[in-house]
Amino acid sequence: MDKSVLCWLATVAEDGMPNVSPKEIFTYIENSIIIANIASPQTVSNIKAKAKASVCISFIDILVQKGFQIKGEAEVIEKSDDNFSEMEAVLLRMTAGKFPFASITKISPLQIKPIIAPRYMLYPDTTEKEQIERAKAAYRL
């Protein structure tokens, strides 16, 4: 998670339509993942529509091309909630106050599985160093 610049959060609307949205300000606190809701009206709406909203979040180190996927239950934490200020303080340190947010998505993980680029499986001798070099070339870094 610490090597990911963005994460991708998938939710489902009441009509069953999926929604995937990039998130930039996120971290973990205790046994939960917390995300600042900066520009997330559809995500927030989808989570609030269900008592126990199932979500999926993915984190990838884009150079190593490894990461993990987490499935769990999400809830929206509002400023009026008891634990909002504690979570807000952690996220504000990350944003330096430059990204205002009115709520926080809190995810309680239920399942975690690794994400690994297919090259590692198809070519087992692939090293992370080689994968980084390939990724840098592909991304023109």
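Residues numbered from 1 in each chain as written. Predicted model: local features only at pLDDT ≥ 70, side-chain atom pairs only at ≥ 80, totals over all residues. Heavy atoms only, no water.

A.B. asks: Tell me about unusual backbone geometry, residues and numbers included.
C.D. replies: Of all residues except glycine, most have a negative phi; of all peptide bonds, most are trans. If you check the backbone angles, Gln 65 has positive phi at about 65° while not being a glycine. Accessibility expressed as a relative area gives 24% for Gln 65, which makes it partly exposed. Of note, the phi angle at Ala 96 is positive, near 55°, even though the residue is not glycine. Tracing the sequence through the fold places Ala 96 in the loop between α2 (84-95) and β7 (103-116). (Buried < 20%, exposed > 50% of the residue type's maximum accessible area, 1.4 Å probe, protein only. Helix = DSSP H or I, 4+ residues; strand = E, 2+ residues; numbered from the N terminus.)

A.B. asks: So what about the nonpolar core? Which residues, and what values?
C.D. replies: Nonpolar side chains in soluble globular proteins generally cluster together in the buried interior. By size, the foremost hydrophobic cluster in this structure holds 16 residues, and its most contacted members are Ile 33, Ile 35, Ile 57, Phe 59 and Ile 107. Among the elements of the structure, β1 (7-12), β4 (32-36), α1 (41-48), β5 (53-61) and β6 (66-78) are those that each provide at least two residues to this core. With four residues, β5 is the single largest residue contributor to this core. (Core = buried A, V, L, I, M, F, W, Y, C linked by side-chain atoms within 4.5 Å.)

A.B. asks: Any chance you could break down the state of the cysteines for me, citing the residues and the numbers?
C.D. replies: Taken as a whole and judged by the stated rule, the model has zero disulfides. The closest cysteine sulfur to the non-disulfide-bonded Cys 7 is located on Cys 56, 11 Å from its own sulfur. Cys 7 sits in the buried class, given a relative accessible area of 0%. Judged by relative accessible area, Cys 56 falls into the buried class, the value being 17%. (Disulfide = S-S within 2.5 Å.)

A.B. asks: Give a detailed account of the pattern of salt bridges, specifying residues and quantitative values.
C.D. replies: Counting across every chain of the model gives two salt bridges. Here Glu 78 makes a salt bridge to Lys 48, at a shortest N to O gap of 2.6 Å. Of the two residues, Glu 78 sits in strand β6 while Lys 48 sits in helix α1, which places them 30 residues apart along the sequence. The class of Lys 48 is exposed, set by a relative accessible area of 51%. With a closest N to O distance of 3.0 Å, Lys 66 and Glu 128 form a salt bridge. Of this pair, Lys 66 sits in strand β6 while Glu 128 sits in helix α4 (residues 128-138); the two residues are 62 residues apart in sequence, bridging distant segments of the chain. Overall, the relative accessible area of 37% leaves Glu 128 in the partly exposed class. (Salt bridge = Lys/Arg side-chain N within 4 Å of Asp/Glu carboxyl O.)

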